[in-house]
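# Topology and contacts: notes
Residue strings, one per chain:
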Amino acid sequence: MSALLEVEGLNVWFDLAGGGELHAVRGVDVQVDAGERFGLVGESGCGKTTAMLTIMGLLPPNASVAGEVRLAGENILARGEESVSPHRWNDVAMVFQGAMNAFNPVKTVGSQIEEPLRLHGIAEGRAARRQVAELLERVGIPSDRAARYPHEFSGGMRQRAAIAMAIACGPKILLADEPTTALDVMVQAQILELLLSLAEDFELALVLVTHDLPVVAQVCDRAAVMYAGEVAEAGSIDALFHTPRHPYTRMLFAATPDLHAGGERVVSIPGAPPRLDRPLVGCPFHPRCDSRFEPCPTVTPLLKVVGEGHVAACHLNDHVREGALV
Amino acid sequence: MSTAVQGAAAAEGVDVAKSGRPGSIRRVVFGEPQALIGLAIVAAFILVALLSPLFLSQDPKTKVGPIFEHPSVSHPLGLDGGGADMVRLLIAGTRVSLLVGFAAAFVSALIGGTVGLASGYFGGKTDIVLMRITDYVIVIPDIPLMIVAAALFGRSLTNIILIIGVIYWTSTARLIRAQVKSVRERVYVKRARALGAGNTRLIFKHVLPQVMPLLIANTVLLVALAIFAETFISFLGLGDPSVISWGRLIENSFTDDAILNNAWWTIVPPGVCVTLLVLGSTMFGQSLEDALNPRLRVGHLSVRRFRMRPLKGKLESE
Amino acid sequence: MSTNGSAPLLQVEGLVARYPVSRGVVGALRREPKLRVHAVDGVSFSLRRGEMLALVGESGCGKTSTAQSVLRLIDIDGGSIQFDGTELSGLSPRALRPLRRRMQIVYQDPYESLDPRFRVGATIEEPLQVHGVGSRSERSDEVRRALELAGLTPPELYVDRYPHELSGGQRQRVAIAASLVLHPDLLVADEPVSMLDVSVRAGILAILDELRDNGLAVLMITHDLSTAAHYADRIAVMYLGRIVEEGPAHEVVENPQHPYTRALLSVVPKRDPRERSTPQILRGETPNSIHIPVGCRFHPRCPLAIEECKAVDPELRRPAAATDPAHRAACIRV
């Protein structure tokens, strides 16, 4: 059986104001199974958010897209935005980064959660309001708060409301873009707990987009690490942490302090990601990599199977047999 | 210094190309046709004013032919009710109109900028008092005030400049105040204060440079207002009797019964000049302000239509 | 306070900072009482040279207000701040200015904290100009030295650049360089890496680490317990304007005593996916610091709370189970 969501050869370019274009997503392949908890990890500008917005068909007019996004086998990108829109919110929903911006400040939270229900012809009037109340209760907001305005909500409450809005039409996949980034750890734990319980109750596939490796480590089954618009490595979260096959993955974990690893050195990754408005030659990570060798500056490494359900794009894997460590 | 620290930063990428300061007036001028056209019109008039000594070897009011002579090759815009050449009168008028326009706008910007800066930066009681004064000045009707002031203080060019300047500073003050209030709260201003910088330094090094482009844009708009006001005052006969301005020219042609003589060439050209200059500086000032005033910036609503494009090499396989 | 003989550089006692909150037009018309946020409500701590203290807590706990009060960047309503033997609390802004030289702050957002119109060199030179230090060439040497200290080498590459030409990490290094150029004794770092990418954070923190080793006193404000555990010598956990637990970093992390600290530590995600634990999630959100609960301020959310907790406002004291003499917690149950 094919995966619920298959992204294949996805490319996204943005026309730049001064001429030229920015190749933000460069041939991304990702599969997410039904009910799976998938992490998409990377630093700012790596293309993770752009890739998610493409799946939602929410790119600005200066974007152009190539590749396929298959939802239960159907290529929803076949006719661009037009063929995405029937699936948006019904099959794929998204919780956006910065919940403040997800709401119109002059409309009540309840009426905004009601909107997708009305627009998609699911419920109207009293029935819709009852559903809104149920949704709010489900995400842990007292239903009488529906009549309040977004600014009367705390950051955590707003994020809960945004999640209620996202699950309103019963999607199969929930894309959560940095859902806890601006929140405190305790609220972050509450939101993650909520997302996990919703995923379980509604058999949702959860795609967690974040720069925060420990969050992915605690929440997800599998993850893809993105760098410079490409997938550098993907596999089970356990394999990514314990047997990384791309130096970027290893170095990213090493740059993340852990609460209890007191004596261990935390090392930053030198350099900065490459500019994406120019052609890239060789491995995009090679200028920052601690293990680069002859082919890296010139030959672009392809994603290669390095273990069960584990792929990596690194020349170190060219001569190493499956299962051996980097 | 550990090698880890050094290595980390040294390689953190200095890939970025050097580029100029952000948010500059230059970018607006060359980025928007409206700004460029406006600037060109204003510049053309300034050029005429600067070159005027070349044309005005003798007093432009000198009688060179019969009164209300029709336009001809030697006098392209004809002669006025005193037999003086209209082209030379217009050139002389350009000088005065520009002088009044720019000087009065400068006075306005100086008062308005100072009030706005003090009000926005110091806040509290200073703010309340200054804004109350501004409110009072706003509600005074400007044209009657100009008439009264011109009658009271005499009709010299300096007085006209000061009167116009003192009337038009209020909008500048409010605009600058709002902008200063937001700049004052920026982290880099707080940081400078934390390291011990005093108010003088904060105002002149951090706050003023940030609001300066907006102040300049606003001043350009004031030039248009001031030129119009001067024309109006002169037309009412309250201008300086010793100088020639476009308003004076229009007023003269009325008093000399130019309309009865069908001498359109004595009225239309000064009117066109005023209109052009006001239009030019408004276009320039407005596009500057649109680009620089954060309150006017409106986000574009996305229509959410992106393009699909084929991937090279993938075409054949499909 | 400090067990070792040398006098602390910074000694804060019973610090209080409150500020009024806007009632809004409706509130004012209804003549509702003026409300005040008790941002800092009796905070005491000390900091020695060559030491890094991390103030950790959730947003609204008062950690940033504490740091700003210590630098007298906001008005304080009580308590004492001794900086190298000088009492700061009553000083006028004018009298404070020479002391500002010795205490510097690095802000959270490097995209906001640098004047976009100042070149890097001018930004770093500004503190020297403000305090009238050195000749032009001496200042330029100091700028180079500061850039090198902040790891921006070679300095020539950076002095003529504008902030928008630099990455976030580089900007933060510039901000650090500007705070070091006056050779301060105390550096307050307010969430110095939270706006930066994971891969460059360690580099910034390594600079602070090294400065501390060279004798600078660092007060780091952070919400990230992992960072605090890794870099700080001591950790002070704040809740609703108070320090509820304080001690050596490893002791606080490995042997937490206050129930709030325990809960907070339990929800920090671990890096190793094999170490998944059940977080002890506190329900509800941190109450606002306008209406602080009577008794122990944590009791409404505390899993250990007993009747007595509603009445007694606990003081910081050494818990029975503490293994380090400098470990203190404000809880009557431990």
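Per chain, residue numbering runs from 1 following the sequence as it is written. As a convention, the first chain written is A and the first ligand written is 1, with the rest following in written order. In keeping with the predicted nature of the model, local features appear solely for residues at pLDDT of at least 70, side-chain atom pairs appear and are counted solely at 80 or more, and the whole-chain, interface and lining totals rest on all residues.

## Some remarks on the overall build of chain A
In DSSP terms, a helix is any run of H or I states spanning at least four residues, a strand is any run of E spanning at least two, and both are numbered starting from the N terminus. Along chain A, the regular secondary structure elements total nine helices and 12 strands. The globule rule is 2.2 Å times the number of residues to the power 0.38, and the radius of gyration it is compared with is taken over C-alpha atoms. Scaling as 2.2 N^0.38, a compact globule of 326 residues should have a C-alpha radius of gyration of about 20 Å, and chain A matches this with 20 Å. Seen through its C-alpha atoms, chain A measures out along the principal axes to roughly 65 × 50 × 45 Å. When burial is assessed residue by residue, chain A has 53% of its 326 residues classed as buried. Within chain A, residue pairs in contact and separated by at least 24 positions form 63% of the contacts whose partners lie at least 6 positions apart. Counting other C-beta atoms within 10 Å of a residue's own tells you its class, since 20 or more makes it buried, 12 or fewer makes it exposed, and anything in between is partly exposed; those C-beta atoms are placed from the backbone. By definition, residue pairs are in contact when their C-beta atoms, positioned from the backbone, come within 7 Å.

## Focus: the overall build of chain B
The helix and strand inventory of chain B stands at 11 helices and one strand. Secondary structure elements of chain B occur, N-terminal to C-terminal, as α-α-α-α-α-α-α-α-α-α-α-β. Expressed as a percentage of the 318 residues in chain B, the buried residues total 42%. Of the contacts made within chain B by residues no fewer than 6 positions apart, 71% connect residues no fewer than 24 positions apart.

## Structural notes on the packing of helix α8 (residues 187–194) of chain B against helix α9 (residues 199–235) of chain B
All names here are of chain B. To obtain each axis, a line is fitted to C-alpha atoms, and for helices this fit is confined to the stretch in contact; angles are then taken between N-to-C directions over 0 to 180 degrees. Closest axis-to-axis distance for the α8/α9 pair is 10 Å, and the angle between their directions is 155°. Regarding the angle of α8 to α9, the classification is roughly antiparallel. Crossing of α8 over α9 shows right-handed handedness. Contacts between α8 and α9 involve Tyr188, Val189, Ala192 and Arg193 on the former and, on the latter, Leu202, His206 and Val207. Under the grouping applied here, Gly and all other residues not named as nonpolar or charged are polar, the nonpolar ones being Ala, Val, Leu, Ile, Met, Phe, Trp, Tyr, Cys and Pro and the charged ones Asp, Glu, Lys and Arg. Across the contact of α8 with α9, the residue classes tally to five nonpolar, one polar and one charged. Angles are sorted into four bins: roughly parallel if under 35 degrees, roughly antiparallel if over 145, roughly perpendicular if 65 to 115, and oblique for all others. Left-handed describes a crossing whose near helix is turned anticlockwise from the far helix by less than a right angle; the clockwise case is right-handed.

## What about the environment of Asn90 of chain A?
Residues and elements named next belong to chain A. Residue position: Asn90 is located in the loop between α2 (81–84) and β6 (92–95). A C-alpha to C-alpha distance of 38 Å links Asn90 and Thr243, two positions 153 residues apart in sequence. Look past the residues within four positions of Asn90 in its chain and what remains in contact with it is His120, Cys169 and Pro171.

## A few points about the pairing of strand β3 (residues 37–41) of chain A
All names here are of chain A. For β3, the tally of buried residues reaches five of five residues, placing the bulk of the element in the interior. Here β3 shows two buried faces, one formed by Arg37, Gly39 and Val41 and the other by Phe38 and Leu40. Sheet topology places β3 next to strand β8 (residues 205–210); five bridges connect them, and they run parallel. Across the sheet, the residue bridging to Leu40 is Val209, located in β8. Whether two strands pair comes down to DSSP finding at least two bridges between them. Sheet topology note: the β3/strand β9 (residues 222–227) ladder contains four bridges and is parallel. Bridge pairing links Val41 to Val225 in β9.

## What to know about the sheet that holds strand β5 (residues 86–87) of chain C
Residues and elements named next belong to chain C. Taken together, four strands build an open sheet; the order of strands is β2-β1-β4-β5 and the sheet is antiparallel. In this open sheet, the two edge strands, each paired with only one partner strand, are β2 (35–47) and β5. Pairing analysis gives two bridges linking strand β4 (residues 78–83) to β5, with the strands arranged antiparallel. The residue of β5 that forms the bridge with Gln82 is Glu87. The strands touched by helix α2 (residues 63–70) are β1 (10–21), β2 and β4; relative to β1, the strand with the most contacts, the crossing angle is about 115°.

## Thoughts on the sheet that holds β8 of chain A
Residue and element names in this part refer to chain A. Within the open sheet, the eight strands sit side by side as β6-β7-β8-β3-β9-β10-β12-β11. Their pairing is mixed. Each edge of the open sheet is held by one strand with a lone partner, namely β6 and β11 (304–307). Looking at each pair of strands side by side, their axes are set apart by 25° on average, direction ignored. Taken together, the two bridges between strand β10 (residues 230–236) and strand β12 (residues 310–312) define a ladder with antiparallel strand orientation.

## Here's the deal with the interface of chain C and chain A
Taken together, the contact between chain C and chain A spans 33 residues of the former and 33 residues of the latter. Among the elements of the structure, α8 (198–213), α9 (225–231), α10 (249–254) and α11 (259–266) of chain C are those that each provide at least two residues to the side of chain C that touches chain A. Sort the elements by how many residues they give to the side of chain C that touches chain A and α8 of chain C lands first, with six residues. A class-by-class count of the residues in the side of chain C that touches chain A yields 15 nonpolar, nine polar and nine charged.

## Things to note about the nonpolar core
In this structure, Leu175 and Val207 of chain A, Ala226 of chain B together with Ala177 and Val237 of chain C are the most contacted members of the largest nonpolar core, which totals 291 residues. With 17 residues, the single largest contributor to this core is helix α4 (residues 86–122) of chain B. If sequence neighbours within four positions are ignored, Leu175 of chain A has contacts with Met52, Ile55, Met56, Val92, Met94, Val207 and Val209 of chain A. To define a nonpolar core, we join buried Ala, Val, Leu, Ile, Met, Phe, Trp, Tyr and Cys residues through C-beta atoms within 7 Å and take the resulting set.

## Remarks on the confidence of the model for chain B
Residue and element names in this part refer to chain B. Residue-level confidence of the predictor is what pLDDT reports, using numbers from 0 through 100. In the predicted model, chain B carries a mean pLDDT of 80, and the fraction of residues at 70 or more is 85%. The low-confidence segment residues 1–22 (pLDDT under 50) makes 46 contacts with residues lying over four places distant or belonging to another chain. In the model, residues 297–303 has pLDDT below 50 throughout and makes three contacts with residues more than four positions away in sequence or in other chains. Both scores are given for the predicted complex: the pTM is 0.83, the ipTM 0.86.

## Details of the pairing of β4 of chain C
Residues and elements named next belong to chain C. Judged from the five bridges that link them, β1 and β4 form a sheet pairing that is antiparallel. Bridge pairing in β4 links Leu10 to Phe83. Hairpin remark: β4 followed by β5, antiparallel, with two residues in the connecting loop; positive phi at Asp84, about 50°.

## Observations regarding the packing of helix α5 (residues 155–167) of chain A against helix α6 (residues 185–201) of chain A
All names here are of chain A. The contact between α5 and α6 brings their axes to 10 Å, and the two run at 15°. Regarding the angle of α5 to α6, the classification is roughly parallel. The crossing of α5 and α6 is right-handed. Contacts between α5 and α6 involve Gly155, Gly156, Gln159, Arg160, Ile163 and Ile167 on the former and, on the latter, Val187, Gln190, Ile191, Leu194, Leu195 and Leu198. Of the residues that constitute the contact of α5 with α6, the class distribution is seven nonpolar, four polar and one charged.

## Overview of unusual backbone geometry
A cis amide bond links Thr153 of chain C to the next residue, Pro154 of chain C, at an omega of -10°. One can find Pro154 of chain C in the loop between α5 (136–149) and α6 (156–159). Within the chain, Ala228 of chain A stands out as a residue other than glycine whose phi angle is a positive 50°. With respect to the helices and strands, the residue Ala228 of chain A is situated in the loop between β9 and β10. On the basis of neighbour counts, which here come to 22 C-beta atoms within 10 Å, the residue Ala228 of chain A falls in the buried class. Here the phi dihedral of Phe68 of chain B falls at roughly 50°; this positive angle occurs in a residue that is not glycine. Mapped onto the elements of the fold, Phe68 of chain B is located in the loop between α3 (33–55) and α4.

## What to know about the environment of Leu240 of chain A
All names here are of chain A. Within the secondary structure, Leu240 is located in helix α8 (residues 237–242). Between the C-alpha atom of Leu240 and that of Gln131, which follows or precedes it by 109 residues, the distance is 40 Å. For Leu240, the contacting residues outside a window of four places in its chain are Ala223, Val225, Glu233, Gly235 and Thr249.

## Brief notes about the environment of Ile124 of chain C
Residues and elements named next belong to chain C. By the secondary structure assignment, Ile124 is in helix α4 (residues 120–130). With 31 C-beta atoms packed within 10 Å, Ile124 lands in the buried category. Spatially, the C-alpha atom of Ile124 lies 6.0 Å from that of Val143, the residues being 19 residues apart in sequence. In contact with Ile124, other than residues within four places in its own chain, are Val143, Ala146, Leu147, Val174, Ala177, Ala178 and Val181.

## A few points about α8 of chain C
For an α-helix, 3.6 residues make a turn, and residues three or four places apart therefore share a direction. Residues and elements named next belong to chain C. Multiplying 1.5 Å by the residue count of a helix minus one yields the expected span of that helix. Over its 16 residues, α8 runs 23 Å from end to end, which matches the ideal 22 Å to within 8%, given 1.5 Å per residue. Taken across its 16 residues, α8 has 14 buried, putting it largely inside the fold. Remark: Gly215 follows α8 within two positions and exhibits a positive phi of approximately 105°.

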